[in-house]
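These are the residues of each chain, in order.
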Amino acid sequence: MDRRNNRRDAEGSSVITANRLLDGRIVWLAAEGQWSPHIRNAHVYSNVEIEDALKKQTASAQDNELVGVYGVQVSLSPTGPVPVTSRECIRAGGPSVHPDFTPEWQERPAVSPA
């Protein structure tokens, strides 16, 4: 069983997350099997099937240059999965230290100095 999130609801949903080994960036497993820095791209698994998916991803973590693969319980919203715990909401939003380090920084318009 996934040790980091062992309190999943039987009828709930989860996504898989990890950190990239080379830069520590938080990533989410997308439906195509690619890893995305955006939780909105994450593939949603039922909590019944998440353990099998985690075993597969944990086994291939080294090949994918990942560390700390685990499941995160989510609720579903019109914009995509939303973590149910505060810790994972913070991780999904990116580092809280500076906006330039969040996954969305490249999508923001440049701000010119005043």
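Residues numbered from 1 in each chain as written. Predicted model: local features only at pLDDT ≥ 70, side-chain atom pairs only at ≥ 80, totals over all residues. Heavy atoms only, no water.

The chain is annotated in an unreviewed UniProt entry as DUF2849 domain-containing protein from Acetobacter tropicalis.

Helix and strand content of the chain: two helices and six strands. Looking at the chain as a whole, 38% of its 114 residues qualify as buried. Entry remark: accessible area of the chain is about 7,500 Å², with carbon and sulfur atoms responsible for 53%. (Helix = DSSP H or I, 4+ residues; strand = E, 2+ residues; numbered from the N terminus. Buried < 20%, exposed > 50% of the residue type's maximum accessible area, 1.4 Å probe, protein only. Areas by Shrake-Rupley, 256 points an atom, 1.4 Å probe, with all protein chains shown as cover.)

So, about the confidence of the model for the chain. The predicted model of the chain has a mean per-residue pLDDT of 83, with 75% of residues at 70 or higher. Here residues 105-112 is a poorly scored stretch, pLDDT under 50, and it has seven contacts once near neighbours within four places are set aside; other chains count. (pLDDT = per-residue confidence, 0-100. Contact = heavy atoms within 4.5 Å.)

Evaluated as defined, the whole model comprises three salt bridges. Note that Glu 88 and Arg 91 form a salt bridge whose closest N and O atoms lie 3.0 Å from each other. With a gap of three residues between them, Glu 88 and Arg 91 both fall in helix H2 (residues 86-93), about one helical turn apart. Judged on exposure class, the residue Glu 88 and its partner Arg 91 are both buried. What you see here is one network of salt bridges that share partners, running through Arg 87, Glu 88 and Arg 91. (Salt bridge = Lys/Arg side-chain N within 4 Å of Asp/Glu carboxyl O.)

As a further point, take the side chain of Glu 88. You can call Glu 88 buried: its relative accessible area is 5%. Separated by 2.7 Å, the side chains of Glu 88 and Tyr 70 make a polar contact. Ignoring sequence-local partners within four residues, the contact set of Glu 88 consists of Trp 28, Tyr 70, Val 72 and Pro 83. (Polar contact = N/O pair within 3.5 Å; in protein donor to acceptor, adjacent residues only side chain to side chain.)

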